[in-house]
Amino acid sequence: MIELPEAAVLAKQINETVVGKRIRDVIAARTPHKLAWYFGDPHEYKSLLAGKVISGATSYGGQVEITAGKAKLLFSDGVNLRYYDKGEKLPDKHQLLLEFDSGSSLVGWVQMYGGLSAFPEGKNDNKYYLIAKKRPSPLSGDFDGNYFKSLFDENTAKLSLKAFLATEQRIPGLGNGVLQDILLSAKMHPKKKAGALSADDQQVLFDSVKNTLSDMAVKGGRDTENDLFGKPGAYKTKLSKKTAGQPCPECRTLIRKEAYLGGSIYYCVECQKI
Ligand SMILES: [Zn+2]
């Protein structure tokens, strides 16, 4: 599942590789998928997009937005997005395929669930999209210590750190995947209550959010996810399903896995205290 670092990497790679290309053909909703979401009728995407030139890409949280003329394309966090040069074998199953004049293609497909949308600029009123656009990115200067501390209030005090950081789009793009290493680096347990943090703890957590996410983005995303060319990122994920049961990189205690709040948490009982 792509999250904030991977979305930032995809946008950068699209800007380097796809910008300037003209869309020749569009195939939308070719492979039926119950949990692939579209804006409006996907069969209208071809008339919206054909002939348009890709002019840029940007990421909002875990979403990637591409501009094509006066239209926007939006891919949300459960979508695999890949670029294929002319002649490369394309996947059989996909939910959105753009073919360019040069013969290369951009293909999106959903694994578990995800959104693939095309819409005229300004027309998408999806709540998650608007929130992700409005809130500051942890990779930006606007996401500073004062902003982070403003997220701690009487409503969030009773939340666990997993719920505080990774639900309700409080920090768009910070999902259950990147959460694990953020909390290991801060030496805090996922079930620790947000209201139990001292001012110093809040600072430690803020630093870990910024540093962990920027480290992941600089290294091309996590090694558990693939980039625009199908290559895994170079950030070595410390806590994930791949490292559960293995020694903690800090203290060698075995990493625990536990179901919590609709997803697994991974933690070290020695390093991360409630
Ligand atoms: Zn440890």
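Use the structure listed above.
The shown structure was predicted, so the numbers you read here are calculated from the model rather than taken from an experiment.

> Just checking my understanding: could you explain the coordination of the zinc ion for this structure?
Tetrahedral coordination by four donors sets the ideal angle at the metal to 109.5 degrees; octahedral coordination by six donors sets it to 90 or 180 degrees. The zinc ion binds to the protein through Cys 248 (SG), Cys 251 (SG), Cys 268 (SG) and Cys 271 (SG); the donor distances cover 2.2 to 2.4 Å. In this structure, the zinc ion is coordinated by four donor atoms arranged in tetrahedral fashion, with angles at the metal of 99 to 114°. As a motif over one chain, the donors of the zinc ion read C-x2-C-x16-C-x2-C. Linking Cys 251 in the loop between helix H7 (199-218) and strand S10 (256-259) with Cys 271 in the segment after strand S11 (264-267), this pair joins segments that are 20 residues apart in sequence. A relative accessible area of 10% means that Cys 271 is categorised as buried.

> Got a minute to help me understand the pairing of strand S9 (residues 114-120) in this structure?
Side-chain positions along a regular strand alternate between the two faces of the sheet. Burial runs high along S9: six of the seven residues are buried. Two elements, strand S2 (residues 36-37) and S9, share two bridges in a ladder whose sense is parallel. Pairing of Ala 36 across the sheet is with Gly 114, part of S9. Relative to S9, strand S5 (residues 71-75) runs antiparallel, the two being bridged by five bridges. Bridged to Lys 72 within S9 is Phe 119.

> Before we go on, may I ask you to explain the sheet that holds strand S6 (residues 79-84) in this structure?
A sheet is described by the order of its strands in space; here four strands give the open sequence S1-S7-S8-S6, paired in antiparallel fashion. Each edge of the open sheet is held by one strand with a lone partner, namely strand S1 (23-28) and S6. Across the sheet, the mean angle separating the axes of adjacent strands is 10° when strand polarity is ignored. Looking at chain direction, strand S7 (residues 96-100) and strand S8 (residues 105-110) are connected through four bridges and run antiparallel. Residue pairing for S8: Leu 98 is matched across the bridge by Leu 106.

> In this structure, what is going on with the pattern of salt bridges? I would like to understand it.
Opposite charge on two side chains lets them pair, provided their charged atoms get close. On inspection of all chains with the given rule, the structure shows nine salt bridges. Lys 46 is the salt-bridge partner of Asp 25, the closest N and O atoms lying 2.9 Å from each other. Residue Asp 25 is located in strand S1, and its partner Lys 46 is located in helix H2 (residues 45-49); the two are separated by 21 residues in the primary sequence. The exposure class assigned to Lys 46 is partly exposed, which follows from its relative accessible area of 40%. The residue Glu 65 makes a salt bridge to Lys 72 at a minimum N-O spacing of 3.8 Å. Taken as a pair, Glu 65 and Lys 72 share a single burial class, namely buried.

> When you look at the nonpolar core in this model, what are you seeing that I'm missing?
For soluble globular proteins, nonpolar side chains are generally found buried alongside one another. Leu 49 and Ile 66 are the most contacted members of the largest nonpolar core, which totals 31 residues. Apart from the residues lying within four places of it in its own chain, the contact partners of Leu 49 are Ile 23, Val 26, Ala 68, Ala 71, Leu 73, Leu 98 and Ala 118. Formed by 24 residues, the second largest nonpolar core is a distinct cluster that contains Phe 164, Leu 165, Leu 179 and Leu 205.

> Which parts of the structure should I look at to understand helix H3 (residues 127-134)?
Spacing of three or four residues puts side chains on the same side of an α-helix, whose turn is 3.6 residues. Among the residues making up H3, those that are buried are Tyr 129, Ile 131 and Ala 132. For H3, the arc enclosing every buried residue in end-on projection is 170°, short of the 170-degree limit, so these residues lie on one face. The outward face of H3, more than 90 degrees from its buried face, is lined by the exposed residues Lys 127 and Lys 134. The elements touched by buried residues of H3 are strand S3 (54-60), strand S4 (63-68), S5 and S9. Near the N-terminus of H3, the side chain that reaches the backbone nitrogen of Tyr 128, with its oxygen 2.9 Å away, is that of Asn 126.

> Could you clarify how one ought to interpret the sheet that holds S5 in this entry?
Backbone hydrogen bonds hold the strands of a sheet together, and the pairing may be parallel or antiparallel. Taken in spatial order, the five strands of this open sheet run S2-S9-S5-S4-S3, and their pairing is mixed. Two strands lie at the open edges of the sheet, namely S2 and S3, each paired on one side alone. Relative to S4, S3 runs antiparallel, the two sharing six bridges. The partner of Tyr 60 across the bridge, within S4, is Gln 63. In the packing of helix H1 (residues 4-17) onto the sheet, contacts are made with S3 and S4, and the angle to S3 comes to roughly 170°. Where H3 meets the sheet, it contacts S3, S4, S5 and S9, and its direction lies at approximately 90° from that of S4.

Parameters and conventions
- Residues numbered from 1 in each chain as written.
- Predicted model: local features only at pLDDT ≥ 70, side-chain atom pairs only at ≥ 80, totals over all residues.
- Heavy atoms only, no water.
- Donors = N, O, S within 2.8 Å, 3.2 Å for Na, K, Ca; no water.
- Tetrahedral: all angles 85-135°; square planar, octahedral: opposite > 155°, others 65-115°.
- Helix = DSSP H or I, 4+ residues; strand = E, 2+ residues; numbered from the N terminus.
- Buried < 20%, exposed > 50% of the residue type's maximum accessible area, 1.4 Å probe, protein only.
- Pairing = 2+ DSSP bridges.
- Axes fitted to C-alpha atoms, helices over the stretch in contact; angles between N-to-C directions.
- Salt bridge = Lys/Arg side-chain N within 4 Å of Asp/Glu carboxyl O.
- Core = buried A, V, L, I, M, F, W, Y, C linked by side-chain atoms within 4.5 Å.
- Contact = heavy atoms within 4.5 Å.
- Arc of directions from axis to C-beta.
- Polar contact = N/O pair within 3.5 Å; in protein donor to acceptor, adjacent residues only side chain to side chain.

Honestly, it's all geometry; don't read function into it.
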